[in-house]
Amino acid sequence: MSSQTSEPPGRLISHFTNRSRDQQGQGWSSLWDSDESSLWDRGGPSPALIEFLESEQSILPSPLGRHPRALVPGCGKGYDVAMLALHGYDVYGLEISETGAQIARQYVATELAEPKERNYRDPTQWPKIEVGSFKIVAGDFFEHDWEDQCSGTAFDLIYDYTFLCALLPEMRQDWARRMIELLSPAGILVCLEFPLYKDLGAVGPPWGLRGVYWNLLAQGGDGRIAEPPEEIEMPAGKMTRLLYLKPQRSYESGRGFDMVSVWKLKS
């Protein structure tokens with residue numbers, strides 16, 4: 001008999017073991033209610049998203065006469081909501097948990113009153129612009145009842161990080177459908193692809209996503225892949241990738257594998 005023992009699953013994986021699709025939202029809400037958000041909390045805004053916002057101005061949407069509208073689904077404590085507002089966006093953060101939403105409201109209000117330097121790549125170089133507004137909404141991304149609280153949809157920028165990777169693989173195709181529904185015709189979907197180091201067959205959350213965004217958005221697949229697909233766009237894909245780059249800075253948890261992909265709707 002072998003003396004070796006397998007490593008027990010992490011807290012997130014064990015918490016979601018045997019939870020059906022219908023039980024996913026409740027599973028995340030219960031972790032907020034038991035004060036376990038540290039399991040996924042990164043402690044600050046995304047360095048990779050800040051880098052993109054401040055260096056890729058030619059790609060960013062700039063609607064005339066108003067602030068661009070941004071959506072952060074699974075916004076957590078609101079770090080990226082505050083940072084986007086400080087960069088001139090009217091931002092809507094969506095969180096499945098009312099407990100999480102309330103925490104985010106408090107954080108963003110405090111941060112906008114006294115912004116920290118971590119919201120900028122280089123605070124001395126970033127231009128002073130009019131700060132946008134924010135609203136944190138509690139709701140289920142896959143439902144429509146929260147949309148009225150955001151004055152409808154048609155977002156100019158949507159940011160995905162640790163959201164797709166938190167979903168069961170069987171939910172990925174619906175994630176893509178909703179992103180397409182929520183994006184404005186000229187808008188962009190910005191994805192910090194994580195985790196790319198994790199095997200696609202390994203159990204999550206977080207679930208490995210290497211090649212999954214391409215399969216979902218460029219090829220119109222269901223995202224339930226066994227290996228990364230060849231990068232050939234297919235007619236069924238509803239989106240085109242504008243940019244794919246390795247950020248100079250990202251969260252430590254990305255282990256140097258994180259990639260930023262930027263998508264727009266096909267004409």
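None of these values were measured; they are calculated from a predicted model. (Residues numbered from 1 in each chain as written. Predicted model: local features only at pLDDT ≥ 70, side-chain atom pairs only at ≥ 80, totals over all residues. Heavy atoms only, no water.)

Points about the nonpolar core
To keep things clear, this is the line we draw: Here the nonpolar core consists of buried residues drawn from Ala, Val, Leu, Ile, Met, Phe, Trp, Tyr and Cys, with membership extended through side-chain atoms lying within 4.5 Å. Type-normalised accessible area, obtained with a 1.4 Å probe on protein chains alone, sets the label of each residue: buried when under 20%, exposed when over 50%, and partly exposed for intermediate values. Any two residues whose heavy atoms approach within 4.5 Å are treated as being in contact.
One finds Leu 84, Leu 157, Trp 175 and Leu 189 to be the most contacted residues of the largest nonpolar core, which totals 69 residues. Apart from residues no more than four positions distant in its own chain, Trp 175 is found in contact with Phe 141, Phe 142, Asp 160, Phe 163, Leu 164, Leu 167, Leu 189, Tyr 213, Leu 216 and Leu 217. Residues Phe 16, Leu 31, Trp 32 and Trp 40 belong to the second largest nonpolar core, which totals seven residues.

Points about the sheet that holds strand β1 (residues 69-73)
Which entries qualify depends on this criterion: Only strands joined by at least two bridges in the DSSP assignment are considered to pair. To qualify as a helix, a DSSP run of H or I must reach at least 4 residues; to qualify as a strand, a run of E must reach at least 2; elements of each kind are numbered from the N terminus. Note on definitions: angles span 0 to 180 degrees between N-to-C directions of axes, and those axes are lines fitted to C-alpha atoms, for helices only across the stretch in contact.
Strand order in the open sheet formed by seven strands is β3-β2-β1-β4-β5-β7-β6, and the pairing between neighbours is mixed. Of all the strands in the sheet, the pair left with one neighbour each is β3 (134-138) and β6 (239-245). Taken pair by pair, the neighbouring strands of this sheet meet at an average axis angle of 20°, ignoring direction. Relative to β3, strand β2 (residues 90-95) is paired through five bridges, and the arrangement is parallel. Note that in β3 the partner of Tyr 92 across the bridge is Lys 135. Relative to the sheet, helix α3 (residues 47-55) contacts β4 (155-160), β5 (183-193), β6 and β7 (259-265), its axis offset from that of β5 by approximately 135°. Along the sheet, helix α4 (residues 79-86) makes contact with β1, β2, β3 and β4, crossing β2 at roughly 170°.

Observations regarding the pairing of β2
Formally: When the strands point away from the viewer, a crossover counts as right-handed if the path from the first strand over the helix to the second runs clockwise.
Among the six residues that make up β2, six are buried, leaving the element largely enclosed by the rest of the structure. Taking every second residue as pointing to the same face, both faces of β2 are buried, with Asp 90, Tyr 92 and Leu 94 on one and Val 91, Gly 93 and Glu 95 on the other. Alignment of β1 against β2, held across five bridges, turns out to be parallel. Counted as the bridge partner of Arg 69 is Asp 90 from β2. Handedness of the β1-α4-β2 crossover: right-handed.

Here's the deal with the packing of α3 against α4
Selection rule: Should an angle fall under 35 degrees it is taken as roughly parallel, and over 145 as roughly antiparallel, whereas 65 to 115 is taken as roughly perpendicular and any remaining angle as oblique. Left-handed describes a crossing in which the near helix is turned anticlockwise from the far one by less than a right angle; the clockwise case is right-handed. Basically, the charged four are Asp, Glu, Lys and Arg, the nonpolar ten are Ala, Val, Leu, Ile, Met, Phe, Trp, Tyr, Cys and Pro, and anything else, Gly included, counts as polar.
Relative orientation of the contacting elements α3 and α4 amounts to 15°, with a least axis distance of 11 Å. Judged on the interaxial angle alone, α4 and α3 are roughly parallel. The handedness of the crossing between α3 and α4 is right-handed. Across the interface between the two elements, Leu 49, Ile 50 and Leu 53 of α3 pack against Asp 80, Met 83 and Leu 84 of α4. Of the residues belonging to the contact of α3 with α4, the class tally is five nonpolar, no polar and one charged.

What to know about the packing of aromatic side chains
As a reminder of what qualifies: Between 30 and 60 degrees the pair is tilted, below 30 it is stacked and above 60 it is edge-to-face, where a pair is any two Phe, Tyr or Trp rings, Trp via its six-membered ring, whose centres lie within 6.5 Å. Counted as over-ring charges are cases with an Arg CZ or a Lys NZ within 6 Å of the ring centre that also lie within 35 degrees of the ring normal.
Using the criterion set out here, one finds 13 aromatic pairs in the structure. Where Trp 28 meets Trp 40, the ring centres are 5.2 Å apart and the plane angle is 80°; that geometry is what we call edge-to-face. Here Trp 28, found in helix α2 (residues 24-33), pairs with Trp 40, found in the loop between α2 and α3; they are twelve residues apart in sequence, far enough to count as distant. Assessed through its relative accessible area of 15%, Trp 28 is described here as buried. On the numbers, 5.2 Å between centres and 85° between planes, the contact of Phe 141 with Phe 142 is edge-to-face. Each member of the pair, Phe 141 as well as Phe 142, is classed as buried. Members of the aromatic cluster, joined through ring pairs, are Tyr 161, Phe 194, Tyr 197, Tyr 251 and Phe 257. In this structure, Arg 19 packs its charged tip against the face of Phe 16, placed 5.8 Å from the ring centre. In this structure, Arg 21 is placed above the aromatic ring of Phe 142, and the distance from its NZ or CZ to the ring centre is 5.7 Å.

Details of the side chain of Arg 178
Put simply, the test is: Identification of polar contacts relies on pairs of N or O atoms within 3.5 Å, with a donor-acceptor requirement for protein atoms, meaning one able to donate a hydrogen and the other able to accept it, and with residues adjacent in sequence counted only if both atoms are side-chain atoms.
Residue placement: Arg 178 occurs in helix α6 (residues 172-182). Of the polar contacts made by the side chain of Arg 178, one reaches the side chain of Glu 147; its length is 2.8 Å. Here Arg 178 is in contact with Phe 141, Phe 142, Glu 143, His 144, Trp 146 and Glu 147, once residues within four sequence places are set aside.

Considering the layout of surface pockets
What counts here: Think of a 1 Å grid over the protein atoms and nothing else: a 1.4 Å probe that fits but is trapped marks a cavity, an open set flanked by protein within 12 Å on at least five of seven lines marks a pocket, and residues with an atom within 4 Å of a point count as lining. Grid points are joined across faces, edges and corners, and a volume is the space filled by probe spheres set on the points.
Each pocket or cavity is described by its volume, and for the largest pocket that value is around 920 Å³. Surrounding the largest pocket, 45 residues form its lining, Trp 28, Gly 74, Thr 162, Phe 163 and Ala 166 being those nearest its centre. Of all the elements in the fold, those that place two or more residues in the lining of the largest pocket are α1 (11-16), α2, β1, α4 and β2. It is α2 that contributes the most residues to the lining of the largest pocket, five residues altogether. Of the residues assigned to the lining of the largest pocket, the class counts are 25 nonpolar, nine polar and eleven charged. Quantified by volume, the second largest pocket comes out at close to 280 Å³. In this structure, the second largest pocket is lined by 15 residues; those nearest its centre are Gln 57, Pro 61, Pro 68, His 87 and Tyr 89. Classifying every residue of the lining of the second largest pocket gives eight nonpolar, five polar and two charged.

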